[in-house]
Amino acid sequence: MTFKPLPDHELQRLGDAQLIAYIRDGRAAGELGAARRGLMFLVYGYERDVNRRLSIKVPKHVVDDLAHDALVRAIAAAFDGTSVGEFRSWLHTIVDRTAVDFFRRAERRPKEAILPSEHEGEEGVWGAEPATDGEAGAVELRLVVEEVLETFNEKHRLVIELHVFATLTAGEVCDRIDGMSVDNVAQIASRFRTKLRARLDPDSEDQE
Amino acid sequence: MSDVDRLLAEYVAEHRAGGDADPREFLTRASPLQRTELAALIDAYLARAPRQQFDEASFRGSTAERTVDELERAIAGQAGLWPALLPRLRDRAGLKRSELVERLAAALGVGDREDKVAGYYHEMEQGLLPAQGVSDRMLSALGQLVGATTQTLREAGRALAPTGEGPAAAPAAFARRAYAEPAEAPAPAAQPPRVGEWDEVDELFRGA
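Note that the coordinates shown come from a computational prediction; the quantities given were computed from them, not determined experimentally.

J.: Outline the overall build of chain B, supporting the account with residue identities and numerical values.
T.: For chain B, the helix and strand inventory stands at 12 helices and zero strands. Order of helices (α) and strands (β) in chain B, N terminus to C terminus: α-α-α-α-α-α-α-α-α-α-α-α. Partitioning the contacts of chain B with sequence separation of at least 6, the portion at a separation of at least 24 is 66%. Roughly 9,500 Å² of accessible area belongs to chain B as shown, and the carbon and sulfur atoms make up 51% of that amount.

What follows is the structure, encoded as C-alpha cells:
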C-alpha cells in the first residue's frame, strides 16, 4: 500500500470521508504523524459547533466533556466503519444521543447534574428557559426540525434549506430552483415556521 | 422580519465571520415565547454547518488538541479507546492517577504490588497495553472506581482495531512502534517490571 502524506492546503480541501480515509490509511502505513495531522483537521473542524450545539442542550459545566465524548465516539465509529451515512450527520446524531444519555444518567444520579435553573442570575449561563419539556426537551430540538421538514416535499425542503438555514435571499433561491417565485419562497418558509412553532409549542397556534 | 428571523440572521452572520456565536447569548436576547423556536433553528443550522477551516494558532492549547492527543494514542496503540476514555473517567471521578492506582491495587488484593499496578495502569491510559489481555476482574474493579461498567470498558478497549490491508495494519507492527515511540514517555519508575516471575498482577493485566 502506498500512502502519501498531504500538505495542509490539500488536507483542507478533503471532504470528511476522504479525510477519515486519509487518517486510516496513514495509520495503516505507520505514518502516524500524518494521521495525527488529519485528526487535527477533523477534530478542530467540528469541535466548536459540537460545543455550541451541546450548550443549547446541557448545563454549561458539562459541555466540554460531552463534546469530547461525542467527537471520540463519532470518529471511532467512522474509523471502524460502523457509522451510518455521512460523517457530519453521524456526528450530530451522536451529539444528540450524548445529550440524551447525560439526562438519563442525571435521572439516575440526580446530584450529578447541575440543572440550568440552578445558574439563574449567573452571568452568561442560560437559565431554565427555553423549556419545552424541561431541560431534556432541548435535546430533541433538531429532531423536531427534521420531522417538520419531512412534512414538505423535496422541492420545498430544498427551499427551506436554502432560505432558512443557508440564509439565501428569496431571489437567490429562485435562481437555483426552476419555477420558484419570490412569493412562493416566502410562503413556504412561513409555512415551515408556523408548523415548527406548532410542533414546539402546540399552544402557539392559539396565539396567532 | 420577526425577532426570531433577525436573531437567526445575526447568529448566522457571526458564525460565518468566525465569531464566538455562542447560542446562549442569542437565546437570552429572544423573548421567552420565541426562545425555543430560535434554539431549534440555531441547533439545526449548526448541524448543517460545514467543517471549520483549520487554524494552527487556535488549535494550540485548545481542548481540541487534547482530544487529538488522546485519539492519536488510541490509533497508535493497542488499547482501543482507553487513552481517550480512562483519563477522562478518572478526572470526572476526581482521582489523581496515584490515588486511583492505590485504590485499584487494594481492591484487587495486591496492595503490596502497587508499583506494578501503576505501571500497567499507565500503559492502559497510554494505549500501550493490549486490551484483550486485561481481565474482567480488573476492569470490574476499575469500573467501580471511575463509574463505568465492565462492558463499557471492554468495548472501548476493542474499538479501533486495525482492519485495513497492508503491512503496517498488522497489530504486531503497531505494538513495536507503540512501545518504541510512546506519545508520552512514561516515567521510568512507572514502567512495569517485565522481568521476574509471572504473578497475580501480570495475570490481571495480561492473562485474559
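What follows picks up the thread again.
J.: Would you mind going over the interface of chain A and chain B in detail, with residue names and values included?
T.: Across the contact, 66 residues belong to chain A and 68 residues belong to chain B. Counting each side, the surface lost to burial between chain A and chain B is near 6,100 Å², with a carbon and sulfur contribution of 56%. For chain A, the biggest contributors to the area lost against chain B are Arg27, Arg36 and Tyr44 of chain A; these three give 13% of the whole. Inspection of the region where chain A meets chain B yields 15 salt bridges. The salt bridge involving arginine 36 of chain A is made with glutamate 72 of chain B; its shortest N-O contact spans 2.8 Å. On inspection of chain A and its partner chain B, the count reaches 36 residue pairs in polar contact (both at pLDDT 80 or more). Those elements giving two or more residues to the side of chain A that touches chain B turn out to be helix H1 (8-13), helix H2 (16-28), helix H3 (32-57), helix H4 (63-80), helix H5 (87-108), helix H6 (141-150), helix H7 (154-165) and helix H9 (182-200) of chain A.

J.: Residues and numbers for the side chain of arginine 193 of chain A, please.
T.: With respect to the helices and strands, the residue arginine 193 of chain A is situated in helix H9. Classification of arginine 193 of chain A by relative accessible area gives buried; the value is 8%. Residues contacting arginine 193 of chain A, with those up to four places away along its chain left out, are Ser2, Val4, Asp5, Glu37 and Leu41 of chain B.

J.: With reference to specific residues and values, describe H5 of chain A.
T.: For H5 of chain A, which comprises 22 residues, the first-to-last C-alpha distance of 31 Å matches the rise-based estimate of 32 Å (1.5 Å per residue) to within 8%. Within H5 of chain A, the full set of buried residues consists of Phe87, Trp90, Leu91, His92, Ile94, Val95, Asp96, Thr98, Ala99, Phe102, Phe103 and Ala106 of chain A.

J.: Report on the pattern of salt bridges, specifying residues and quantitative values.
T.: Close approach of charged atoms allows side chains with opposite charge to pair. Counted according to the given criterion, the structure contains 43 salt bridges over all chains. Between arginine 36 of chain A and aspartate 69 of chain B there is a salt bridge, and its shortest N-O distance comes to 2.8 Å. Here the residue arginine 36 of chain A occupies a position in helix H3, and aspartate 69 of chain B occupies one in helix H5 (residues 63-76), the pair thus bridging two chains. A relative accessible area of 15% places arginine 36 of chain A in the buried class. Assessed through its relative accessible area of 25%, aspartate 69 of chain B is described here as partly exposed.

The rules behind these values
Residues numbered from 1 in each chain as written. Chains lettered and ligands numbered in written order. Predicted model: local features only at pLDDT ≥ 70, side-chain atom pairs only at ≥ 80, totals over all residues. Heavy atoms only, no water. Helix = DSSP H or I, 4+ residues; strand = E, 2+ residues; numbered from the N terminus. Contact = heavy atoms within 4.5 Å. Areas by Shrake-Rupley, 256 points an atom, 1.4 Å probe, with all protein chains shown as cover. Buried area = accessible area lost by both parts, 1.4 Å probe. Salt bridge = Lys/Arg side-chain N within 4 Å of Asp/Glu carboxyl O. Polar contact = N/O pair within 3.5 Å; in protein donor to acceptor, adjacent residues only side chain to side chain. Buried < 20%, exposed > 50% of the residue type's maximum accessible area, 1.4 Å probe, protein only. Expected span 1.5 Å × (residues − 1).

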